[in-house]
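Summary of the model geometry
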Amino acid sequence: MKNLKLKSARAAKDLSQQQLADLIGVSRQTISAIEKGDYNPTINLCIAICRALDKTLDELFWED
Amino acid sequence: MSSEYKLGFVLGVVIGLFLVMATIGIMNRKKKWQYDERQKLARAKAMKWAYLTAVGGFFICLIADSAELLNHEQIMGVMTAGMLCSAIVFACVTIHNDAWMALNEKPKSVIGILLIGLAANLILPLGSLMMGEVISTMWINLAVCVMLVIILINYGIRRAVLRRGNDEESEA
């Protein structure tokens, strides 16, 4: 399932996939894979993404 | 050609490969390739499939040997082919998961290393053919060439896919 919340949060911060990847120390393809729903990140990576985007885990990764 | 010569030739190839790997390892010691968690996972999966491929090759050799279907040289050939297939599987799986030799960081050096390997493995068989000799083990070098060409083709395909992905992202 696509993670549109992450994509929109990244866009709201005006960050490209590469810029977000550089901020949290992963490859651009990993960010792309998370947004596409091809890869489930570990909790550590989720936290790093949330910190970089000033969001909570619930806001980015919780599905209702 | 005596069996000692063949054994020495194979041993030379193995030692040569070991020296190349050791040199690359020493050169990369200071700047080790950094893989993120997804890439490490992909590499682990690639390693699993490569291992299973190698085991499959050895299993075929075992059956062929016990059933006396192939002679000793042919079994060595199948074993080598199994190992090369294993290397191809590892390279292709990691390439298509962007988890091979920091694909996007230093593509020129990666391609350079592959091309040097390709040239080195072409020199011996082509040289011997030009001298009018046919070395019975030169097919190993040709098989390594085929392996490197397959890896390069996969590398090219992945680069094209990544470039398209970058374009799509910049459009979004």
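Our structure is the block above this text.
Residues numbered from 1 in each chain as written. Chains lettered and ligands numbered in written order. Predicted model: local features only at pLDDT ≥ 70, side-chain atom pairs only at ≥ 80, totals over all residues. Heavy atoms only, no water.

Okay, a nonpolar patch on the surface next. Among the surface-exposed residues, L11(B), I15(B), F18(B) and L19(B) lie close enough to one another that they form a single nonpolar patch of about 440 Å² accessible area. Along the chain, the position of I15(B) falls in helix α1 (residues 3-27). (Patch = residues over 30% accessible without salt bridge, like charges linked within 9 Å, V, L, I, M, F, W, Y side chains within 5 Å. Areas by Shrake-Rupley, 256 points an atom, 1.4 Å probe, with all protein chains shown as cover. Salt bridge = Lys/Arg side-chain N within 4 Å of Asp/Glu carboxyl O. Helix = DSSP H or I, 4+ residues; strand = E, 2+ residues; numbered from the N terminus.)

Take the layout of surface pockets next. Looking at the second largest pocket, its volume works out to about 830 Å³. Considering the residues around the second largest pocket, the lining is formed by 32 residues, among which Q17(A), Q29(A), S32(A), A33(A) and K36(A) are closest to the centre. Taken together, the elements giving at least two residues each to the lining of the second largest pocket come down to α1 (4-12) and α3 (28-36) of chain A together with α2 (37-66) and α5 (138-171) of chain B. The element best represented in the lining of the second largest pocket is α5(B), accounting for 7 residues. Of the residues in the lining of the second largest pocket, the class split is 10 nonpolar, 7 polar and 15 charged. (1 Å grid on protein atoms, 1.4 Å probe; cavity = no way out; pocket = protein on both sides within 12 Å on 5 of 7 lines; lining within 4 Å. Points joined across faces, edges and corners; volume = space filled by probe spheres on them. Nonpolar A, V, L, I, M, F, W, Y, C, P; charged D, E, K, R; others polar.)

Below, the discussion takes up the packing of aromatic side chains. Summed over the entire model, instances satisfying the criterion amount to 0 aromatic pairs over all chains. If you follow R43(B) out to its NZ or CZ, it ends over the ring of Y35(B), 4.4 Å from the centre. (Phe/Tyr/Trp six-rings, centres within 6.5 Å; stacked < 30°, edge-to-face > 60°. Lys NZ or Arg CZ within 6 Å of the ring centre and 35° of its normal.)

Turning to the interface of chain B and chain A, a few remarks are in order. Each side of the interface is counted separately: chain B has 11 residues, and chain A has 15 residues. When chain B packs against chain A, close to 940 Å² is buried across both sides, 46% of that on carbon and sulfur atoms. Counting the contacts that link chain B with chain A gives 0 salt bridges. Taken together, chain B and chain A are joined by 5 residue pairs in polar contact (both at pLDDT 80 or more). (Contact = heavy atoms within 4.5 Å. Buried area = accessible area lost by both parts, 1.4 Å probe. Polar contact = N/O pair within 3.5 Å; in protein donor to acceptor, adjacent residues only side chain to side chain.)

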